[in-house]
Amino acid sequence: MARFRALKKELEIVLAQEDWETQILALGLDPEVLTSPLLALRLSKSEIVCWRAVEALGLVAARLADSRMEKARILMRTLMWYMNEESGNLGWGIPEAMASAMVRSERLAMEFHTILASYIYCDASCDGNYLDHPALRRGVFWGLGELARKRPELVEPAMRFLVAGCSDEDATNRGLAARAIGILAEGGRIIDDE
């Protein structure tokens, strides 16, 4: 436990720095060792530390995917578990971390992009992933927008989810859904049939 607290404190200091990504890599630690403290730091009182912890989780997942894909899958499934109400965990920052991982790793994106999209839409064939909490859906809409920048072909199938998101009860979610659609359109990924 002392090692966890010490590493968490060290990472908190690193994440507050401008060159946080370089410093995390310079630690030379196994990505698996970084996961638990980063999951804790995504709930930091410091907004910048919180956000960078989320980004760092994506970095860790991508590094794992480069060398130990099954370990990366386990991390992604752990993130998915955090999104599940039954887990008892808080899902804050988790969709953003998943998206960060998928932006950084094509292999993870290929396997998990449909799961990320499933959190924002529910219809007659709903698979039960829809997030009832509007603030948690924000992370998904944001994440799909970021993924659209890097891997638009993986976000295109979620277009109907994004269009439905433009009618979301939450104004921020409506804006983020429109942003993701705009990113796809800007890249010429939306074809007008008229």
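Before going into details, it helps to say that this report is about the structure given with it. Since the model is a prediction, treat every value here as computed from it, not as a measurement. (Residues numbered from 1 in each chain as written. Predicted model: local features only at pLDDT ≥ 70, side-chain atom pairs only at ≥ 80, totals over all residues. Heavy atoms only, no water.)

1. What to know about the overall build of the protein
Phase 1: Across its full length, the protein carries 11 helices and 0 strands.
Phase 2: Listed by position from the N terminus, the elements making up the protein come as α-α-α-α-α-α-α-α-α-α-α.
Phase 3: Computed over C-alpha atoms, the radius of gyration of the protein comes to 17 Å, within 12% of the 16 Å expected from 2.2 N^0.38 for 194 residues, which places it in the range of a compact globule.
Phase 4: Per-residue burial over the protein gives 47% buried out of 194 residues.
Phase 5: Looking at the protein as shown, the accessible area adds up to about 9800 Å², and 51% of this sits on carbon and sulfur atoms.
Phase 6: Both charge centroids of the protein, one from 23 positive and one from 29 negative side chains, sit 7 Å from each other. (Helix = DSSP H or I, 4+ residues; strand = E, 2+ residues; numbered from the N terminus. Rg over C-alpha atoms; globule rule 2.2 N^0.38 Å. Buried < 20%, exposed > 50% of the residue type's maximum accessible area, 1.4 Å probe, protein only. Areas by Shrake-Rupley, 256 points an atom, 1.4 Å probe, with all protein chains shown as cover. Lys, Arg positive; Asp, Glu negative; His and termini not counted. Charge placed at Lys NZ, Arg CZ, Asp CG, Glu CD.)

2. Here's the deal with the layout of surface pockets
In this approach, a probe sized like a water molecule rolls over the atoms, and the result shows the empty space that is left.
Phase 1: Reported here for the largest pocket is a volume of approximately 330 Å³.
Phase 2: Residue lining of the largest pocket: 17 residues in total, with Met83, Asn84, Glu85, Asn129 and Leu131 positioned closest to the centre.
Phase 3: Residue composition of the lining of the largest pocket, by class: 8 nonpolar, 6 polar and 3 charged.
Phase 4: Here the second largest pocket defines a volume of roughly 230 Å³.
Phase 5: Broken down by secondary-structure element, the contributors of at least two residues to the lining of the second largest pocket are α4 (47-67), α6 (94-104) and α8 (134-150).
Phase 6: Take the lining of the second largest pocket: its biggest share by element is 4 residues, from α4. (1 Å grid on protein atoms, 1.4 Å probe; cavity = no way out; pocket = protein on both sides within 12 Å on 5 of 7 lines; lining within 4 Å. Points joined across faces, edges and corners; volume = space filled by probe spheres on them. Nonpolar A, V, L, I, M, F, W, Y, C, P; charged D, E, K, R; others polar.)

3. A short note on helix α11 (residues 171-186)
Phase 1: For α11, with 16 residues, the first-to-last C-alpha span of 22 Å sits near the 22 Å given by 1.5 Å per residue.
Phase 2: All of the buried residues along α11 are Asn173, Leu176, Ala177, Ala180, Ile181, Ile183 and Leu184. Considered in projection along α11, the buried side chains sweep an arc of 155° and stay on one side of the axis. Away from the buried face of α11 by more than 90 degrees, exposed residues Ala171 and Glu186 are located.
Phase 3: Those residues of α11 hidden inside the fold are in contact with α8, α9 (152-155) and α10 (159-165). (Expected span 1.5 Å × (residues − 1). Arc of directions from axis to C-beta. Contact = heavy atoms within 4.5 Å.)

4. With respect to the side chain of glutamate 55
Phase 1: With respect to the secondary-structure elements, glutamate 55 resides in helix α4.
Phase 2: With sequence-adjacent residues up to four places away left out, glutamate 55 is seen in contact with Trp20, Ser100, Arg104 and Trp142.

5. Points about the pattern of salt bridges
Phase 1: Overall, the coordinates contain 15 salt bridges when judged by the stated rule.
Phase 2: Linking arginine 138 and aspartate 170 is a salt bridge whose minimum nitrogen-to-oxygen distance equals 2.6 Å. Placement of the pair is arginine 138 in helix α8 and aspartate 170 in the loop between α10 and α11, with a sequence separation of 32 residues.
Phase 3: You can call arginine 138 partly exposed: its relative accessible area is 30%.
Phase 4: A relative accessible area of 13% means that aspartate 170 is categorised as buried. (Salt bridge = Lys/Arg side-chain N within 4 Å of Asp/Glu carboxyl O.)

6. Things to note about the packing of helix α7 (residues 106-118) against α8
Phase 1: At a minimum axis separation of 10 Å, α7 and α8 run at an interaxial angle of 145°. Helix-helix and strand crossings are classified by hand; for α7 and α8 the assignment is left-handed. Between α7, through Ala109, His113, Leu116 and Ala117, and α8, the contact on the second element is made entirely by Val140, Gly143, Leu144 and Leu147. (Axes fitted to C-alpha atoms, helices over the stretch in contact; angles between N-to-C directions. Left-handed = near helix turned anticlockwise from the far one by under 90°.)

7. Observations regarding the packing of aromatic side chains
Phase 1: Counted according to the given criterion, the structure contains 2 aromatic pairs.
Phase 2: Centroid distance tryptophan 51 to tryptophan 142: 5.0 Å. Interplanar angle 85°. Geometry classified as edge-to-face. With tryptophan 51 in helix α4 and tryptophan 142 in helix α8, this pair connects stretches of sequence that are 91 residues apart.
Phase 3: Here the aromatic rings of tyrosine 121 and phenylalanine 161 are separated by 4.9 Å at their centres, their planes lie at 20°, and the arrangement is stacked. Note that tyrosine 121 is positioned in the loop between α7 and α8 and phenylalanine 161 in helix α10, a separation of 40 residues in sequence. (Phe/Tyr/Trp six-rings, centres within 6.5 Å; stacked < 30°, edge-to-face > 60°.)

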